[in-house]
Amino acid sequence: MESLSNKKKVLEQKPLSFMERMYLPAIAKGMGITISHLFKKEATIRYPEVEREFSANFRGMHSLKRDENGKERCTACGLCALSCPAEAITMIAAERKNDEKHLYREEKYAATYEINMLRCIFCGLCEEACPKEAIYLDGPIVPADYLRKDFIYGKDKLVEAPLEMKK
């Protein structure tokens, strides 16, 4: 097949010298690069043994906070779910019963609160939208797992432990 421009480029290859045919200069150059990397600072962090330092604005796993009396702050207003661009948060609101006054601040609470960590993009908009300062992205890194269902975090994993009351 002929080219459209009818221009041909002639490639001239000079013959290789004896040393180049033996590939010794290329091997020596490659070994030099390899040996130079032995004396450089490591680029990676040995993760399980060494923890990496995070910046001040690091966003980790979500946590639902409690107030100073140990009651859940979340009032199931749904603003966090509405502000989430990835639609990772789902909640179902319920009315507080008389015997649950020690658990929840308001008459309405989140009966189920779930975050799909595979969908979450850790943007922090849910944290900014919450009027009661109930959700924060201050936890550790989301741990790795094998099953998709293990990345859906409910209230059992998200609500922080109640504070011990001083007597």
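Thresholds, definitions, all that
Residues numbered from 1 in each chain as written. Predicted model: local features only at pLDDT ≥ 70, side-chain atom pairs only at ≥ 80, totals over all residues. Heavy atoms only, no water. UniProt positions renumbered as here; feature names shortened; annotations may be inferred. Helix = DSSP H or I, 4+ residues; strand = E, 2+ residues; numbered from the N terminus. Contact = heavy atoms within 4.5 Å. Polar contact = N/O pair within 3.5 Å; in protein donor to acceptor, adjacent residues only side chain to side chain. 1 Å grid on protein atoms, 1.4 Å probe; cavity = no way out; pocket = protein on both sides within 12 Å on 5 of 7 lines; lining within 4 Å. Buried < 20%, exposed > 50% of the residue type's maximum accessible area, 1.4 Å probe, protein only. Patch = residues over 30% accessible without salt bridge, like charges linked within 9 Å, V, L, I, M, F, W, Y side chains within 5 Å. Areas by Shrake-Rupley, 256 points an atom, 1.4 Å probe, with all protein chains shown as cover. Salt bridge = Lys/Arg side-chain N within 4 Å of Asp/Glu carboxyl O. Pairing = 2+ DSSP bridges.

- The chain is annotated in an unreviewed UniProt entry as NADH-quinone oxidoreductase subunit I from Pedobacter jejuensis.
- Turning to the chain, the UniProt record has this under Subunit (unreviewed entry): "NDH-1 is composed of 14 different subunits. Subunits NuoA, H, J, K, L, M, N constitute the membrane sector of the complex."
- Taken directly from UniProt, the Catalytic activity (unreviewed entry) text for the chain runs: "a quinone + NADH + 5 H(+)(in) = a quinol + NAD(+) + 4 H(+)(out)".

1. As for the environment of Lys 155
Here comes step 1: Relative to the helices and strands, Lys 155 resides in helix H5 (residues 155–158).
Here comes step 2: In contact with Lys 155, other than residues within four places in its own chain, are Leu 64, Glu 72, Tyr 104, Tyr 109, Ala 110, Ala 111 and Tyr 113.
Here comes step 3: Here Ala 110 takes part through its backbone oxygen, which lies 2.7 Å from a polar atom of the side chain of Lys 155.

2. Some thoughts on the UniProt feature "binding site: [4Fe-4S] cluster 2" (unreviewed entry) in the chain
Here comes step 1: UniProt feature "binding site: [4Fe-4S] cluster 2" (unreviewed entry): in the numbering of this structure it lies at Cys 84, Cys 120, Cys 123 and Cys 126. In sequence the annotated residues extend across 43 residues, while in space they remain close, none of their C-alpha pairs exceeding 10.4 Å. Those annotated residues from the list above that line the second largest cavity are Cys 84, Cys 120, Cys 123 and Cys 126.
Here comes step 2: Inspection of the secondary structure assignment puts Cys 120 in the loop between strand E3 (108–116) and helix H4 (125–129).
Here comes step 3: Owing to a relative accessible area of 14%, Cys 120 belongs among the buried residues under this scheme.
Here comes step 4: Every residue in contact with Cys 120, bar those within four places of it in the chain, is listed here: His 62 and Ala 88.
Here comes step 5: Along the chain, Cys 123 falls in the loop between E3 and H4.

3. Things to note about a nonpolar patch on the surface
Here comes step 1: On the surface, Phe 18, Met 19, Met 22, Tyr 23, Leu 24, Ile 27, Met 31, Ile 35, Leu 38 and Phe 39 cluster together to form a nonpolar patch covering roughly 1100 Å² of accessible area.
Here comes step 2: Breaking the nonpolar patch down by element, the ones donating at least two residues are helix H1 (18–21) and helix H2 (24–38).
Here comes step 3: The element that contributes the greatest number of residues to the nonpolar patch is H2, accounting for 5 residues.
Here comes step 4: Relative to the elements of secondary structure, Phe 39 occurs in the loop between H2 and strand E1 (63–64).
Here comes step 5: Among the residues examined, Phe 39 registers a relative accessible area of 70% and is labelled exposed.

4. Focus on the sheet that holds E3
Here comes step 1: Across the sheet, which stays open at both edges, the 3 strands sit in the order E2-E3-E5 with antiparallel pairing between neighbours. Each having just a single partner strand, strand E2 (89–95) and strand E5 (152–153) make up the two edges of the open sheet.
Here comes step 2: Relative to E5, E3 runs antiparallel, the two sharing 2 bridges. Within E5, the position partnered with Asn 116 by the bridge is Ile 152.

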